Amino acid sequence: MDFTLKTYRDLLLALQASGINFRLRHDVDLKPLRSLRTAKLENQLGIKATYYFRTVPQSFNPEIIKQIHSLKHTIGYHYESLTTTQGNIDAAYKDFCINLNRLRALAPINTICMHGSPRSPYDSRDIWKKYDYHTLDIDYEPYFDTDYNSTLYLTDTGRRWDGYQVSVRDKIPQHQEKWQRQGLSYHSTPQIIAALLNPASPLRCSGLSLLITTHPQRWTNPGLAHLSEFTIQTIKNIVKRLLILHKNKNNSATQ
């Protein structure tokens, strides 16, 4: 069964055994207690990760943020300010700074990452067309500051590892087709584990480092919570496909 805590532990062990350089990014969109569970598991294995928290009630939990930081993990800001301010860039920057300071009251923050907000027409990365996050002592935003010529991006968006097909923003469009041609696209976690443990696999032979994004609320023990995540995400994927089709249709109409 995929997306269980046992499967996640197996993935971590395979990453360590492979010898590949990897970075773990976790988007804490919902249910922060589940992020604490994965943080403890990683700590037990001597692995450090970055946990990106939103500043909405569904994610922002000061005690859990402090606990995860105490486990030697990095805390980042999962910002969505342009959506919050309905596309007003100046107001979005002000909102970003206020919430960045809220997080910095709990842990050091020098890394940020956009929250996709798939139902929103706004992409919060557009804030940086006018402003510069580096002036705020931020040195890393994965969509801007990762060299994807030497890094393979894997994300469990859509509760699948080839979710870029149903993702509105969590993908690297200019590289995705190339990775697919190279045999570096995977659907399930066991497929990734098998590739990590096979010295002859395209993944092991690529020479690429890995940036892996997970959403910890998806990784649960078998039971009602696991079934609920599967059902909800299946519905979300259908909605995302419709949004993408609608956007592509509108783009075609304006060309």
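The rules we used
Residues numbered from 1 in each chain as written. Predicted model: local features only at pLDDT ≥ 70, side-chain atom pairs only at ≥ 80, totals over all residues. Heavy atoms only, no water. Axes fitted to C-alpha atoms, helices over the stretch in contact; angles between N-to-C directions. Helix = DSSP H or I, 4+ residues; strand = E, 2+ residues; numbered from the N terminus. Parallel < 35°, antiparallel > 145°, perpendicular 65-115°, else oblique. Left-handed = near helix turned anticlockwise from the far one by under 90°. Contact = heavy atoms within 4.5 Å. Nonpolar A, V, L, I, M, F, W, Y, C, P; charged D, E, K, R; others polar. Buried < 20%, exposed > 50% of the residue type's maximum accessible area, 1.4 Å probe, protein only. Polar contact = N/O pair within 3.5 Å; in protein donor to acceptor, adjacent residues only side chain to side chain. Phe/Tyr/Trp six-rings, centres within 6.5 Å; stacked < 30°, edge-to-face > 60°.

### Quick notes on the packing of helix α1 (residues 5-18) against helix α8 (residues 189-197)
So, point 1. The N-to-C vectors of α1 and α8 enclose an angle of 20°; their axes lie 9 Å apart at closest approach. Taken together, α1 and α8 sit at an angle that is classed as roughly parallel. As for the relative orientation of α1 and α8, their crossing is left-handed in sense. Along its contact with α1, which presents T7, D10, L11, A14, L15, A17 and S18, the element α8 presents T189, I192, I193, L196 and L197.
So, point 2. Its residues assigned to classes, the contact of α1 with α8 shows eight nonpolar, three polar and one charged.

### Thoughts on the side chain of S209
So, point 1. Looking at the secondary structure, you find S209 in strand β6 (residues 209-214).
So, point 2. Under the relative-accessibility criterion, S209 is labelled buried at 16%.
So, point 3. A distance of 3.2 Å separates a polar atom in the side chain of S209 from a polar atom in the side chain of T151.
So, point 4. With residues near it in sequence (within four places) discarded, S209 still touches I20, N21, S150, T151 and L152.

### Focus: the environment of L106
So, point 1. Topologically, L106 is positioned in the loop between α5 (89-104) and β4 (112-114).
So, point 2. Considering only alpha carbons, one finds L106 and R159, 53 residues apart in sequence, at a separation of 30 Å.
So, point 3. Contact partners of L106, with chain neighbours within four places excluded, come to F60, P62, I65 and K66.

### Re the packing of aromatic side chains
So, point 1. Using the criterion set out here, one finds 14 aromatic pairs in the structure.
So, point 2. Aromatic pair Y79 and F96: ring centres 5.4 Å apart, planes at 85°, arrangement edge-to-face. Taken as a pair, Y79 in strand β3 (residues 74-79) and F96 in helix α5 lie far apart in primary sequence, 17 residues in all. Like Y79, the residue F96 is buried in the burial classification.
So, point 3. Here the aromatic rings of W128 and Y133 are separated by 5.3 Å at their centres, their planes lie at 80°, and the arrangement is edge-to-face.

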